[in-house]
Amino acid sequence: MAEFIKIYEENPNPKEIKRVVKILRDGGVIIYPSDTVYALGCDIKNTRAMERVAQLRGVKLEKANFSFVCEDLSNLSDYVKQIDTSTFKLLKRNLPGPYTFILPGNNNLPTVFKKKKEVGIRVPDNAITQAIVHELGNPIISTSIKDEDEVIEYTTDPELILEKWGNLVDLVIDGGYGGNIASTVIDLTGNEPEVIREGKGSLEL
């Protein structure tokens with residue numbers, strides 16, 4: 001059964017954050033809160049953990065559209081081709097925030113994503129997520145946890161999440177009730193920003 005850790009967003013306990021990061025470094029898969037919905041996550045540097053996440057979502061890892069969750073924009077150049085000033089300003093205006101920006105990927109993408117031309121970047125406005133990524137020292141791979149129930153698309157109660165996912169992941173973080181609206185997805189690979197999925201937040205163009 002997964003560990004269940006309570007972490008308060010107002011003041012994430014460094015000791016608990018270190019526990020989470022140890023699990024990630026050991027190849028664990030976690031469920032964590034963000035500024036939108038609860039999500040599955042693992043260390044971007046661990047291929048086996050990424051394979052587990054893909055399996056849980058029922059997709060092939062090479063074809064999976066996982067987001068790279070970063071602490072801030074300083075990670076961008078690690079995985080994204082050089083972007084122009086107006087794109088950077090757009091990102092700076094809206095992040096941290098409930099957005100996934102699709103950007104052209106560079107040659108440093110993890111080996112399993114080498115064939116991908118683009119990458120989804122997230123910088124959630126959530127202190128727990130930011131503390132985890134900061135302590136880990138690199139992004140985490142992330143994907144929302146969906147609910148089979150057509151009416152409730154996303155489960156918001158951490159205890160219900162634990163009940164459902166407890167035997168499939170290594171850790172569930174209770175960061176309070178989550179949201180039930182996913183991030184807004186914006187494609188920045190063309191000439192103009194294009195909203196691919198309308199979600200939380202109102203984008204400042």
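First, a word on what this report is: a plain description of the structure on this page. Bear in mind that the values here come from a model prediction, so they are computed numbers and not experimental data.

A few words on the environment of Val-133. Residue placement: Val-133 occurs in helix H5 (residues 127-136). Distance from Val-133 to Asp-72, taken between C-alpha atoms, is 9.4 Å for residues 61 residues apart in sequence.

Moving on, we get to the pairing of strand S10 (residues 194-197). Where strand S9 (residues 184-187) lies against S10, three bridges are found, and the strand directions are antiparallel. Its bridge partner lying in S10, Val-185 is registered against Arg-197. The antiparallel pairing of S9 with S10 creates a hairpin that spans six residues between the two strands.

The buried fraction of strand S6 (residues 118-122) is high, at four of five residues. Pairing of strand S5 (residues 99-104) with S6, which is carried by five bridges, proceeds in the antiparallel orientation. Bridge assignment links Thr-100 to a residue of S6, and that residue is Arg-122.

Moving on to unusual backbone geometry. Of the consecutive residues Leu-95 and Pro-96, the connecting peptide bond is found in the cis state with omega at -5 degrees. One can find Pro-96 in the loop between helix H4 (85-94) and S5.

As a further point, take the environment of Glu-192. By the secondary structure assignment, Glu-192 is in the loop between S9 and S10. Looking at Glu-192, the relative accessible area reads 61%, which means it is exposed. With 181 residues separating them along the chain, Glu-192 and Asn-11 place their C-alpha atoms 38 Å apart.

Attention shifts here to helix H1 (residues 14-25). The first and last C-alpha atoms of H1 sit 16 Å apart over 12 residues, in line with the 16 Å expected at 1.5 Å per residue. Taken as a whole, H1 has its buried residues at Glu-16, Ile-17, Val-20, Val-21, Ile-23 and Leu-24. All buried residues of H1 fall inside an arc of 155 degrees around its axis, so they share one side. Relative to its buried face, H1 has exposed residues pointing more than 90 degrees away, namely Pro-14, Lys-15 and Lys-22. In this structure, the buried residues of H1 make contact with strand S1 (3-6), strand S2 (30-32), strand S3 (39-43), H5, strand S7 (140-144) and strand S8 (171-174). One side-chain oxygen at the N-terminal end of H1 lies 2.8 Å from the backbone nitrogen of Lys-15; it belongs to Asn-13.

Turning our attention to the nonpolar core. Ranked by internal contacts, the top residues of the largest apolar core, which has 40 residues, are Ile-31, Phe-68 and Phe-101. Elements that contribute at least two residues to this core include exactly S3, helix H2 (47-57), helix H3 (76-79), H4, S5, S6 and helix H6 (158-165). It is H2 that provides the largest number of residues to this core, a total of four residues. In this structure, Ile-31 is in contact with Tyr-38, Ala-39, Leu-40, Ile-145, Ile-161, Trp-165, Val-169, Leu-171, Val-172 and Ile-173, ignoring residues within four places of it in sequence. Among the nonpolar cores identified, the runner-up in size contains 18 residues, and Ile-7, Leu-24, Ala-39 and Ile-128 belong to it.

Thresholds applied
Residues numbered from 1 in each chain as written. Predicted model: local features only at pLDDT ≥ 70, side-chain atom pairs only at ≥ 80, totals over all residues. Heavy atoms only, no water. Helix = DSSP H or I, 4+ residues; strand = E, 2+ residues; numbered from the N terminus. Pairing = 2+ DSSP bridges. Buried < 20%, exposed > 50% of the residue type's maximum accessible area, 1.4 Å probe, protein only. Expected span 1.5 Å × (residues − 1). Arc of directions from axis to C-beta. Contact = heavy atoms within 4.5 Å. Polar contact = N/O pair within 3.5 Å; in protein donor to acceptor, adjacent residues only side chain to side chain. Core = buried A, V, L, I, M, F, W, Y, C linked by side-chain atoms within 4.5 Å.

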